[in-house]
There are 2 protein chains.
Amino acid sequence: MQKEMKAFKALGDENRLTILSLLYGGEKCACMLLEEMKISQPTLSHHMKILCDANLVESRKEGKWMHYRLAENGLRDITDFLQNLMTKEE
Amino acid sequence: MQKEMKAFKALGDENRLTILSLLYGGEKCACMLLEEMKISQPTLSHHMKILCDANLVESRKEGKWMHYRLAENGLRDITDFLQNLMTKEE
DNA sequence: TTATCATATTGACAAACTTCGATATATTAT
DNA sequence: ATAATATATCGAAGTTTGTCAATATGATAA
């Protein structure tokens, strides 16, 4: 349950939900995310770390750029967790 | 997105995840939840309010007892939200 | 090497959150 | 009406979280 809690904590922030929606279209580098949001660079870096630690986002380093993309596995894990809560209820 | 954020915030707490898992088997009254957890009565009340406000739990008053159950609608909403994030990615 | 650019880390501060004891409210029983 | 019980609200203490400026790290370019 610890794993799911970490993911839900990560999802419970407006900026991080925005980041996920920006990654919906596919991989993006940090600098592009930064342009589309009104937060500082350290703040973005902080949020990306939380999303990666929660397994919701995966990263790839290319030269001095960091590329981020949605982590399908982590997303599926918590989706399954929620679906299990719903089924067989009652 | 505000609605989902509220739900995810609510899910990002160990005690509240425990409460949801306790409600998995079906409706329970607050006093029964209280017995199964090591938190004070005001704390439980606080968490139940957060879960209800987030639409993850529904309540029913019967005399002096409050009965709580999982809110299928709210759970489905965020499950759908996550599933939409996953599909068509790429 | 030195300069420049992209990202990460540190340190500090304010805001938000969790928790509980004390107390209030509401319902039932006597 | 009074007592007892279940739950909610209040107020305060301690903890966690989000944020940014300053700085560090790592990579490329000159």
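A short tour of the structure in this document, coming up. Within each chain, residue numbers correspond to sequence positions counted from 1 in written order. Here the convention is simple: chains get letters from A, ligands get numbers from 1, in the order in which they are written. A pLDDT threshold of at least 70 governs which residues receive local features in this predicted model, and a stricter bar of 80 or more applies before side-chain atom pairs are shown or counted, although totals over entire chains, interfaces and linings include all residues. Think of the side-chain values as coming from all heavy atoms in the structure, minus any hydrogens and water.

1. Overview of the protein's contact with DNA strand D
We call a residue near a given molecule or strand whenever any one of its heavy atoms falls within 4 Å of it. Inspection of the region around DNA strand D gives 23 residues, with N15(A), R16(A), T43(A), H47(A) and Q41(B) positioned closest. Restricting the count to atoms of DNA strand D within 4 Å of the protein gives a sugar and phosphate share of 71%. One of the side-chain nitrogen or oxygen atoms of T43(A) is found 2.5 Å away from a phosphate oxygen of DNA strand D. Within the backbone of K64(B), a nitrogen or oxygen atom sits 3.2 Å from a sugar or linking oxygen of DNA strand D. Counting from the N terminus, the helices are the DSSP runs of H or I reaching at least four residues and the strands are the DSSP runs of E reaching at least two. Of all the elements in the fold, those that place two or more residues in the surface near DNA strand D are helix 2 (14–23) and helix 4 (41–53) of chain A together with helix 3 (30–36), helix 4 (41–53) and strand 3 (65–70) of chain B. Ranked by the residues each element gives to the surface near DNA strand D, the list is headed by helix 4 of chain A, at five residues. Tallied by class, residues from the surface near DNA strand D come to nine nonpolar, eight polar and six charged. Between N or O atoms, a polar contact is any pair within 3.5 Å; within protein, one atom must be a potential hydrogen donor and the other a potential acceptor, and residues adjacent in sequence are included only when both atoms are from side chains. Classification used: nonpolar for Ala, Val, Leu, Ile, Met, Phe, Trp, Tyr, Cys and Pro, charged for Asp, Glu, Lys and Arg, polar for all others including Gly.

2. Some thoughts on the interface of chain B and chain A
One widely used convention gives an interface's size as the accessible area the parts lose upon coming together. Note on definitions: a residue-residue contact is assigned when non-hydrogen atoms from the two residues lie within 4.5 Å. Between chain B and chain A, the contact holds 30 residues from the first and 30 residues from the second. Here the buried area means the combined drop in accessible surface, using a 1.4 Å probe, for two parts upon being joined, counting both sides. At the boundary of chain B with chain A, total buried surface from both sides reaches about 2,900 Å², with 70% on carbon and sulfur atoms. Salt bridge, as used here, is a side-chain nitrogen of Lys or Arg placed within 4 Å of a carboxyl oxygen of Asp or Glu. There are zero salt bridges connecting chain B and chain A. Elements that contribute at least two residues to the side of chain B that touches chain A include exactly helix 1 (2–11), helix 2 (14–23) and helix 5 (72–86) of chain B. It is helix 5 of chain B that provides the largest number of residues to the side of chain B that touches chain A, a total of eleven residues. The residue makeup of the side of chain B that touches chain A, split by class, is 14 nonpolar, eight polar and eight charged.

3. Comments concerning the protein's contact with DNA strand C
Q41(A), N15(B), R16(B), T43(B) and H47(B) are the nearest of the 24 residues found near DNA strand C. The sugar and phosphate moieties of DNA strand C supply 70% of its atoms located within 4 Å of the protein. The set of elements that each furnish at least two residues to the surface near DNA strand C consists of helix 3 (30–36), helix 4 and strand 3 (65–70) of chain A together with helix 2 and helix 4 of chain B. No other element matches the five residues that helix 4 of chain B contributes to the surface near DNA strand C. For the surface near DNA strand C, the per-class residue count stands at nine nonpolar, eight polar and seven charged.

4. Side note on the relation of the copies chain B and chain A
Copies are brought into register by a least-squares superposition over C-alpha atoms of residues with pLDDT of at least 70 in both. Each copy of the sequence occupies a distinct position, and chain B is placed on chain A by a rotation of 180° and an axial shift of 0.0 Å, giving an RMSD of 0.0 Å. Between the two chains, the operation in question is that of a two-fold axis. A share of 100% of interface residues in chain B that are also interface residues in chain A marks the association as one of identical surfaces.

Just geometry here; none of it tells us what the structure is for.
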